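# Coordinate analysis (summary)
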Amino acid sequence: MRQTDGSLIDGLLSLGMSGRTDLKVRSAMFASWAASLLVAIAAGWMAYAVVPTNVDVAWLMVAGDRLLDGARLHVDVVEINPPFSVWLYMPFVLAERATGLPAEFWLSVGLPTMALLSVSICMRILGRCEPANRDSAWMAPAVLAVLLCIFIADFGQREQFATVALMPWLALLAARDGSENFEAGTRFERVVAGLGAALFVIVKPPLSLPALALPALALCVRRRSLHPVFTSETMLGAATTLAYLIWLATFHKSFFVDLVPLLSDLYLPARKPVLDMLLSLPVIIFAMLAAATLLVSRPEGLGRFPGVILLAAVGYVPAFVLMGKGWTYQALPFLLLGMVAFLLQLGQRKTATTPLALGGLVTGTAIIALLVWTNEPSAQAVRRTELENVAARVIRVVEHPTVATIATRLQAAHPLTRMVNGDYRSRYPGLWMVENAAKLISTGGADVQQAARLRILQADFISRAVEDIERARPDIIFDAGTKDWPGQAVVRSNPAIQGLLGEYRTLYRGSEVTVLVRSDLVSGLTQVGSP
C-alpha cells in the first residue's frame, strides 16, 4: 500500500470535521450526516416492519429468553456456538422485558445506532489526518447503506455486528500508519477499537483472527517493525478475548464435554469441499470486488484505509472456506468490507480516470447494483406477510402457546415462536444433527461402520426430541413444510414421533413450515394450506 491518505475518509460524517473547514464543506458534512441518519432509520424500519426476523437471530433471542427464565446454556438450551452468540442478543431481550417492546424492535434500533457510532468514530480518527473534503461527503450514507441495507434478510446476524464493530480498529490501524511515530487516536477511541476487535474475534474464534492479522502483519513488513501488532487497542482486544476464553473454559465446560464431540461427529464432516467453497458465489463476488478496487486505485495506488479494509476482508475468506457451509451470512465480513473498500477507494480518486480505473468502476458498481437487486426486500416482505397470517391463526387457537419442534432445519419455527409470544420447550433449535447424518449417509460421506453409528446418533437425538415433547406436552409443534429434506423423512418415520403426532392436528402446512396443534385445543380441524 502506498503512503497516501484518502481525503474522503476525513469527512464522512460531520463529527470528523476540523475547525479549518469552510461553510460549504460544513454544509456538505451536515447533509451527509442527515442522509446517514436517514439510511440508518430506513434500515431499522425495513428490518422491523418489512422483512421477517432472520431465523438464526430469532433462535438466539429465544435462547436468551429461556436463559433469563433459568434454563442452563448447553444443557437445557443446546446452542452449538459458545455463549457469546446468545449474550450478543441478551440486551435486546432484556430491553423487551423492561419496556414491553419486542426485542426485534430494539435490535432494529441498536444495530443502526451502533453502525452510526462506528462510522462516526472512524471519521474522527481519520479526520485528523487531513481537512474535510466536500466531494467526499456522499460516502457516509453509501458506507452505511452497504453495512446495513444490502443484505437486509441477514439483518442482525453476528457477522454483521462483528463487521460493524471492527471498523474503528481498522481505521485506527490506517491512521497509525499515516503517523511517523505510529501514534493515533484518543484513549476513548483506542478502547472502542480494542473492544470492537475483541467482539469480531469472539464471534468466530479462532477463524476470524486472520482478518486482523493480515493487515497488521502487512504493515509490520512494510514498516519493518512489530509495532503494528502490539498497539494498545490490539492488546486490549487480545486481553478481552483471552478473558472470555478463560471464562468459557471455567464456567461452560459442558460446551467442551457435550457440544465439541457433537460438532466433530455431525457438523464438521458435513462441510463442502475446499475447492467448492473457493468457487462459491460469495468468494467469486468478493474476488471481483477486490479486483475492481485495485483497478480503481490506478495509477495512484491504494489509500491506507481502503487498503487496510481490503486486507482484512481477504483475511476472512479462509474462515468462510473452512466453515464449509456456503451460507451468505457467513460471508458478510468479507463481502461488506470488500464493498466498503471499493467505495472508499473510488471516492478518493484525484486524477483523471484511466481505462483500467474505468473498468474497475464499471465492474464494482455493477456488482453492488446486482447485490442490491438480488437482495431487495420485496420477496422477504411476502414471506413476512405469510408468517404474520400463520401467527394470527395460531393466536386464535391459543395465546402464548408452549412450543416444540421436530424440524431438521431452523426455517420459520423461531420467528414464529417470537411472533406468537411462545414459550419454547425443546432443548435444540432443530434436529439439524439428524439432517447432517442423513446427508453424510446418502452422499457416501460415511462407510458402512460410520453409517451405522450415524443412524444410532440419529435415533438418540430423535429420542431426546421425544422426551422434550412428552415432558412439555406443548400446545404447538413446528415441523418442516413441503420441502423434502433427507433428515425430515427419518424423523417422521420414527415410531415414537408418529405416536406423539397422533395427539396433534395440522393447523397450517406451507413451503417452509408445518404447524401442528394439540388436538384437545381444537375440534373439527382439517389440514389447511396457505392462509
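You'll find the structure just up there.
A brief look at the structure comes next. These numbers were taken from a predicted model, which means no experiment stands behind them. Per-chain numbering applies: the sequence of each chain, read as written, is numbered from 1 onward. Note on the predicted model: pLDDT of at least 70 is required for a residue's local features to be given, and 80 or more for side-chain atom pairs to be given and counted; whole-chain, interface and lining totals, by contrast, use all residues. For side-chain calculations, the full set of non-hydrogen atoms in the structure is used, while hydrogens and water are omitted.

Right, let's get into the pattern of salt bridges. Salt bridge criterion: a side-chain nitrogen from Lys or Arg within 4 Å of a carboxyl oxygen from Asp or Glu. Scanning all chains against the criterion turns up 26 salt bridges. For Glu189, the salt bridge identified is with Arg128, shortest N-O distance 2.7 Å. Of this pair, Glu189 sits in helix α8 (residues 187-203) while Arg128 is found in the loop between α5 (103-127) and α6 (139-148), placing the two residues 61 residues apart along the sequence. When a residue's accessible area, from a 1.4 Å probe over protein chains only, is under 20% of the maximum for its type it is buried; when over 50% it is exposed; and in between it is partly exposed. Residue classification places Arg128 among the partly exposed residues on the basis of a relative accessible area of 42%. Between Glu467 and Arg427 there is a salt bridge, with the nearest N and O atoms lying 3.2 Å from each other. Taken together, the positions of Glu467 in helix α20 (residues 448-472) and Arg427 in the loop between β2 (423-424) and α19 (432-442) put the pair 40 residues apart, joining distant regions of the chain. The numbering of helices and of strands both runs from the N terminus, where a helix is a DSSP run of H or I of at least 4 residues and a strand a run of E of at least 2.

One requirement defines pairing of two strands: DSSP has to find at least two bridges between them. Spatially, β2-β1-β3-β5-β4 is the arrangement adopted by the five strands of the open sheet, whose pairing is mixed. Bordering the open sheet on either side are β2 and β4 (504-509), each of which pairs with just one other strand. Direction of pairing for strand β3 (residues 476-480) relative to strand β5 (residues 513-518): antiparallel, over a ladder of five bridges. Directly across from Ile477, in β5, lies its bridge partner Leu516. It only takes one pair of heavy atoms within 4.5 Å for two residues to be counted as in contact. Axis definition: a line fitted to C-alpha atoms, over the contacting stretch in the case of helices. Angles run 0 to 180 degrees between N-to-C directions. Here helix α17 (residues 378-397) sits on the sheet in contact with β3, β4 and β5, set at roughly 150 degrees to β4.

Here we take up unusual backbone geometry. The peptide bond linking Pro205 to Pro206 adopts the cis configuration, its omega dihedral lying at -10 degrees. Omega for the bond connecting Arg298 with Pro299 falls within 30 degrees of zero, at 0 degrees, which places this linkage in the cis form. Locating Pro299 in the fold gives a position in the loop between α13 (281-296) and α14 (304-323). Its identity is not glycine, yet Phe182 carries a phi of approximately 65 degrees, on the positive side. By the element assignment, Phe182 lies in the loop between α7 (158-177) and α8. Not every positive phi belongs to a glycine, and Arg473 is a case in point at roughly 40 degrees. Residue classification places Arg473 among the partly exposed residues on the basis of a relative accessible area of 42%.

Let us now look at the environment of Ser254. If you trace the backbone, Ser254 turns up in helix α11 (residues 253-267). Residue class for Ser254 comes out buried when judged on its relative accessible area of 18%. When the C-alpha positions of Ser254 and Ala391 are compared, they lie 35 Å apart, and in sequence the two are 137 residues distant. Dropping the residues within four chain positions of it, Ser254 is found in contact with Leu73, His74, Val75 and Leu259.

This part takes up a nonpolar patch on the surface. On the surface, a cluster of nonpolar side chains totalling about 540 Å² of accessible area is made up of Val274, Leu275, Leu278, Leu279, Ile284 and Met288. Looking at the nonpolar patch, the elements with two or more residues in it are α12 (274-278) and α13. Considering each element in turn, the nonpolar patch owes the most residues, three residues, to α12. By the secondary structure assignment, Met288 is in helix α13. Note on patches: the residues involved have over 30% relative accessible area and no salt bridge, like charges join within 9 Å, and the nonpolar side chains Val, Leu, Ile, Met, Phe, Trp and Tyr join within 5 Å. Computed by Shrake-Rupley with a 1.4 Å probe, the accessible areas treat only the displayed protein chains as cover when residues are assessed.

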